[in-house]
Amino acid sequence: MKKNIKILITMAFALFTALPAFSQQITKFGVVDTSKVYNAYFRNSAPVRNYEKKKAEFQEEINKQTDELKKLQQKRLEQESNGNDAAAMKTEAEITRKKEYLTEYTNAKNVELESLQRSLQNSDEFYKKLYNTLSKIAESGGYSMILSLQDSNSILWYSTSVDVTNQVITELGL
C-alpha cells in the first residue's frame, strides 16, 4: 500500500511539474476581409465625401451650361423663323463660344476628378489607420496573427469567431 501511495505521489508530482509544458498558450489567429473594410472606409471618409461633392458641383455646372445652350438654340430657331438672320448669327456665335467653354470646362474638371480619385486609391492614410486598428484589436483580443482573406489563397476555412472585419470597421468609426 505504501508502495502504491509512493507511486501515486510520484505520478502526481510528475503531472504537476509537466503541467506548465502542456499549458502553453495556443496561438490565436484572426482574419479580416480587407476589401470590405476598404469599401466601408472610402464610402464614409471625408476625402470621398469631398470627391463626391466636387463631382456633384461640376455636374451641376455642366447641367446649367447645357440648359443655357438649349435655350440659346431655341432662341436662334425663333430668330431664324422670324427672319431675323443677323440676330440668329449673333446667337449662333454665342452658342459656339459656350460649347467651347463647356468642352474645356468638362475636360479640365474630368482631369481634376481623376487626379482626386487616384490620390484616394493610393492613400497611405487608410493603410496606416488599418494597421494601427488591427494592432489594437490583435493585442486586446489576444491574437498572435491576423490574416487578410484577400491576400492569402491558402485560407481554406475559418471560423466566423475569428473574423474581426466588423470590429475593424467599428474601430475605424465607419
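Details of the structure are given in the entry above.
For the structure given in this document, a descriptive report is provided here. (Residues numbered from 1 in each chain as written. Predicted model: local features only at pLDDT ≥ 70, side-chain atom pairs only at ≥ 80, totals over all residues. Heavy atoms only, no water.)

1. Brief notes about the overall build of the chain
So the rule is basically this: In this text, helices come from DSSP runs of H or I with a minimum length of four residues, and strands from runs of E with a minimum of two, each type numbered from the N-terminal end. When a residue's accessible area, from a 1.4 Å probe over protein chains only, is under 20% of the maximum for its type it is buried; when over 50% it is exposed; and in between it is partly exposed. Surface accessibility in these figures is a Shrake-Rupley result with a 1.4 Å probe; residues are shielded only by whichever protein chains are displayed.
Looking only at helices and strands, the chain has six helices and two strands in total. Scanning the chain from its N terminus toward the C terminus, one meets helices and strands in the order α-β-α-α-α-α-β-α. The buried share of the chain, reckoned over its 174 residues, is 25%. Carbon and sulfur atoms provide 55% of the accessible area of the chain, an area that totals close to 12,900 Å².

2. Topic: the pattern of salt bridges
Quick note on the threshold: Should a side-chain nitrogen of Lys or Arg be within 4 Å of a carboxyl oxygen of Asp or Glu, the pair is scored as a salt bridge.
Across all of its chains, the model carries six salt bridges by this definition. A salt bridge links Glu 112 to Lys 54; the nearest nitrogen and oxygen atoms lie 3.5 Å apart. Taken as a pair, Glu 112 in helix 4 (residues 85-121) and Lys 54 in helix 3 (residues 46-81) lie far apart in primary sequence, 58 residues in all. Because the salt bridges share partners, they merge into one network encompassing Lys 54, Lys 109 and Glu 112.

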